[in-house]
Structures are given as structure tokens and as C-alpha cells.
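# Chain and residue survey
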Amino acid sequence: MFEDDDQVPDGAVRTHASGRADRNGGSTDGSTGRPGFSVMRDVARLAGVSTQTVSRVVNKHPHVAAETRQRVLTAMRALNYRQNLVARALVTQRTGTIGIIAYETSLYGPTSMLYAIEGAARSAGYFVSVASVRHLDRRSVLDAVDWLRRQQVEGIIAIAPATAVASALAEVAGGMATISVGGGYDEAVPSAQIDNAAGARQAARHLLELGHATVHHVAGPAEWPEAGERTDGWREALSAAARPAPLPLRGDWSSQAGYEQGRLLAEDPSVTAVFCASDQLALGVLRALHEAGRRVPEDVSVVGFDDTPDAGHYLPPLTTVRQDFAELGRRSLGLLLAQLDRSDREPAARRTVQVPRLIVRSSTGPPPGRSATPATGLRAP
């Protein structure tokens, strides 16, 4: 898959996904072309325009009439024209490739972030080179940065679920345009983030407004900033309502951890509401409550976080906090392109924060002995 023989650094696995452009085909100046591919002057001749106009369309120049642009695009499709990105890089000093540092995991959040960023980059016409790290530590991240630099990427977007990732990126800030995405944050590195605390506050307030005296919390792993932010938001909502905050029970994002903590919660008859830091944790809690004969939501209400594709098919369908990963991908790419295109007079934005939304389904209701009250949040169809 790769054309170089560089040794893959320890702790990283690399893959490569191409963007919309093709490495083969005509040159950017129309002077040469490989057999079987049309060159720029052929496109210009068919569209009835100059090669300079074709170049403007190829490079997405804004000052091209819509009708002219459409004629050129139609001619390109008819002649199977493709840019020669090697020639373009020689002229523009830009490779059209960005790097992504991803965490090698099946967890829904980091995986969805990777797909969202890769999709946004492809839509913008960029190649993507991915360095997937097995460990969220400084050495693995710096090895991944070095590898991506050898691929001559223009900039790097790193999915940073752990603080160590953002801290390692801060060491290379200035020498390479970098963006962090996720919970880990360092002021030296521009970032696109989810407001996890705001999402947790929505979840806890929803349960309190249904009439629950307090809300118990099954938290994510302590080393993940996102887990800490969700715990903070839950605690802030209880404090604002002058409600007691039970001791959080901690898991590792998995349904097994949720099940183990859910068994403890199921034994306590005072527990009527549980906020889980992920939908997978919530899935385990639901099973534990079911096995203990605690009905959801009649006896205990449960809220998750993420809105995974299966959340609406849990039994009962899960009330949860939805993250818009597609929008997060677009925002992170926008920050990176702003870093690449910034001028000294127009400093690029440093941070963008997305507020998630509460999606209300059937796993939440009033506590035993209380009548139903209007639910807050967006009611799922």
C-alpha cells in the first residue's frame, strides 16, 4: 500500500485512503499526459475555453462563471481527465495530502471521529494518510508524526482522547500545522471538541426535571479527559439543583463494565436514575437492572452518551446524548485549512466547541409514585 520502505514505528499501524483526485493522468499545465488519459488542452478544446480556465476550475478558483465551470467539468468527465498530483505539487508546493493520527480501537467515539474527518477531507479533495497508534502515549504520537511527515503531508489532525496526545502535539506545534480532536486539549494546539460537560448537564437535568431526587453516574476511565468532563457536567447539574451527588462508579467504556457496575446499582432500592458516560456502559446497566427485576423506566431511568446507531434499538430505546461527528469532522478540517492558509495579519481560530443534544427515548420517565412531567430534550421519532 505504501511506496516507501520506511520501517513502521513501534506502536503504530498505517493505512492510506485516497481522496477524490487520481495520481494518474494529465499534467497540471497541459503539456504532457500518460497514454490513455486526456490532458488539459484536450479538455479546453472540448469545452471551448483556454487551458488557463481549465486550470482555474481544477484548482477551484472562485472567479469562474458557473456556466463555464459546468462546461469544463462536463468535458473532464467525458474525457476521463484526472489531475497529475505530482506535477501539481511541483508547481504549488502543496501535496494535497493531510495526515490523521487515530487511536486503534473499536470504540464508537474515536472510530466515528476518524470516519468523519476522512470523509470531510475527501469531500474537500484531499488525500488522507492515516497513522493508527495502539497506545495513547507521547512516544507513539511523536513516532506517528514523524511517519506522516515522511509522507509529506501538509498538516495533521490527531484524534486526542487522552491528554498525552495533545501534549505530544504541542511539542511539534509551529513546525507542522496540527489540530487535535476530542477530549485532550493543550492551548498550544488548535482543537475541535465536543462540550462533554454541557451534554452531561443536559442528561442530569432531564432526569431531575422528571422528578428524581438525584442521579447516579457510571463514569468512563479516569485517564480519558472526556470521561472527566462528563462527570464534571453531571456533578454541576446536581449542585445547581442542590441535590446530593452519589459517588460515581467507574468503568472502561465497555458494556461489561456497565453490567458490573449496574449490578451494584440494582441492589440499592434508592437508585431511580442513572447517567452513563457511554451508550455501551448503559447497555450493560440495562441488562443488570433487567436481571435484578428492576424495570426501565418504571423503576429506574437510564441515560447514555454518544447516540450510537444501535441506541434506538435497545430495550427499551435509550435516551442519550447525541454527538454530531460529521460536523466535528468538518470543523476540524476547517481549522486545519485555516492554519495552512493563515496570514500574519489574520491569525487562524484556535478552538471550536460543539454542544451535543439530548435525544429523549423510552428509557427515562418519572420515579416510582410520581406522575409524568414534560420531558426536556429532543424527542426521538
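Right, let's walk through the structure included here. (Residues numbered from 1 in each chain as written. Predicted model: local features only at pLDDT ≥ 70, side-chain atom pairs only at ≥ 80, totals over all residues. Heavy atoms only, no water.)

To continue, consider the packing of helix α1 (residues 40-47) against helix α2 (residues 51-58). Put simply, α1 and α2 touch, their axes get as near as 8 Å, and they point 105 degrees apart. With respect to α2, the element α1 is oriented roughly perpendicular. From α1, M40, R41, V43 and A44 reach across to α2, where they touch T51, V54 and S55. (Axes fitted to C-alpha atoms, helices over the stretch in contact; angles between N-to-C directions. Helix = DSSP H or I, 4+ residues; strand = E, 2+ residues; numbered from the N terminus. Parallel < 35°, antiparallel > 145°, perpendicular 65-115°, else oblique. Contact = heavy atoms within 4.5 Å.)

Before going further, it helps to spend a moment on the pattern of salt bridges. Inspection of the entire model under this criterion finds 13 salt bridges. A salt bridge links E104 to R134; its shortest N-O distance comes to 3.7 Å. Note that E104 is positioned in the loop between β2 (97-103) and α5 (108-123) and R134 in the loop between β3 (127-133) and α6 (138-150), a separation of 30 residues in sequence. With relative accessibility at 40%, the residue R134 sits in the partly exposed group. The closest approach of N and O atoms between E236 and R201, which form a salt bridge, is 2.6 Å. (Salt bridge = Lys/Arg side-chain N within 4 Å of Asp/Glu carboxyl O. Buried < 20%, exposed > 50% of the residue type's maximum accessible area, 1.4 Å probe, protein only.)

With that settled, the discussion passes to empty space enclosed by the protein. Per the stated rule, a full pass over the model turns up 1 cavity of 30 Å³ or more. A total of 3 residues in the lining of the largest cavity trace back to one element, the largest contributor, which is α5. Within the lining of the largest cavity, the residues separate by chemical class into 6 nonpolar, 3 polar and 1 charged. (1 Å grid on protein atoms, 1.4 Å probe; cavity = no way out; pocket = protein on both sides within 12 Å on 5 of 7 lines; lining within 4 Å. Points joined across faces, edges and corners; volume = space filled by probe spheres on them. Nonpolar A, V, L, I, M, F, W, Y, C, P; charged D, E, K, R; others polar.)

A separate point is the nonpolar core. General note: in soluble globular proteins, nonpolar side chains tend to be found buried as a group. Grouped together as the largest cluster of nonpolar side chains are 43 residues, with contacts concentrated most on I101, C276 and V302. Elements supplying a minimum of two residues to this core: β3, α6, β4 (155-159), α7 (163-172), α10 (255-266), β9 (273-276) and α11 (279-291). Those residues in contact with C276 that lie beyond four places of it in its chain are V218, L281, A282, V285, V302, V303, G304 and F305. Membership of the second largest hydrophobic core comes to 23 residues, among which are A120, A121, V130 and L335. (Core = buried A, V, L, I, M, F, W, Y, C linked by side-chain atoms within 4.5 Å.)

Bringing the packing of aromatic side chains into the picture now. This structure, assessed with the given rule, holds 4 aromatic pairs. On the numbers, 5.7 Å between centres and 75 degrees between planes, the contact of W224 with W253 is edge-to-face. A residue pair is termed long-range when its members are at least 10 positions apart, and W224 in the loop between β7 (216-219) and α9 (225-240) and W253 in the loop between β8 (249-250) and α10 qualify at 29 residues. A relative accessible area of 7% means that W224 is categorised as buried. Judged by its relative accessible area of 7%, W253 is buried. The cationic tip of R287 hangs over the ring face of Y259; the distance from NZ or CZ to the ring centre is 4.3 Å. (Phe/Tyr/Trp six-rings, centres within 6.5 Å; stacked < 30°, edge-to-face > 60°. Lys NZ or Arg CZ within 6 Å of the ring centre and 35° of its normal.)

Another aspect to go through is the packing of α5 against helix α12 (residues 325-341). Between α5 and α12, the shortest axis-to-axis distance is 8 Å and the interhelical angle comes to 55 degrees. Comparing the axis directions of α5 and α12 gives the class oblique. Two packed elements cross with a definite hand, and for α5 against α12 that hand is right-handed. Each of Y108, G109, S112, M113, A116, I117, A120 and A121 in α5 lies in contact with α12, whose residues at this interface are F325, A326, L328, G329, R330, S332 and L333. Here the residues of the contact of α5 with α12 are counted per class, giving 10 nonpolar, 4 polar and 1 charged. (Left-handed = near helix turned anticlockwise from the far one by under 90°.)

Along the polypeptide, S112 turns up in helix α5. You can call S112 buried: its relative accessible area is 13%. Within the structure, S112 has its side chain in polar contact with the backbone oxygen of Y108 (distance 2.8 Å). (Polar contact = N/O pair within 3.5 Å; in protein donor to acceptor, adjacent residues only side chain to side chain.)

This brings us to the pairing of strand β5 (residues 177-181). Taken across its 5 residues, β5 has 5 buried, putting it largely inside the fold. Judged by which residues are buried, β5 turns out to be covered on both faces: A177, I179 and V181 on one side and T178 and S180 on the other are all buried. In this sheet, β5 lies alongside β4 in parallel orientation, the contact comprising 5 bridges. In the strand pairing of β5, A158 is matched with S180. Here 2 bridges tie β5 to strand β6 (residues 191-194), and the two strands are oriented parallel to one another. Each residue of the ladder has a partner; that of V181, found in β6, is A192. (Pairing = 2+ DSSP bridges.)

Another point: unusual backbone geometry. Most peptide bonds are trans, and most residues other than glycine sit at a negative phi. Cis geometry is adopted by the peptide bond preceding P297, which originates at V296 and carries an omega value of 10 degrees. With respect to the secondary-structure elements, P297 resides in the loop between α11 and β10 (301-303). A cis amide bond links L315 to the next residue, P316, at an omega of 0 degrees. Along the chain, P316 turns up in the loop between β10 and β11 (320-322).

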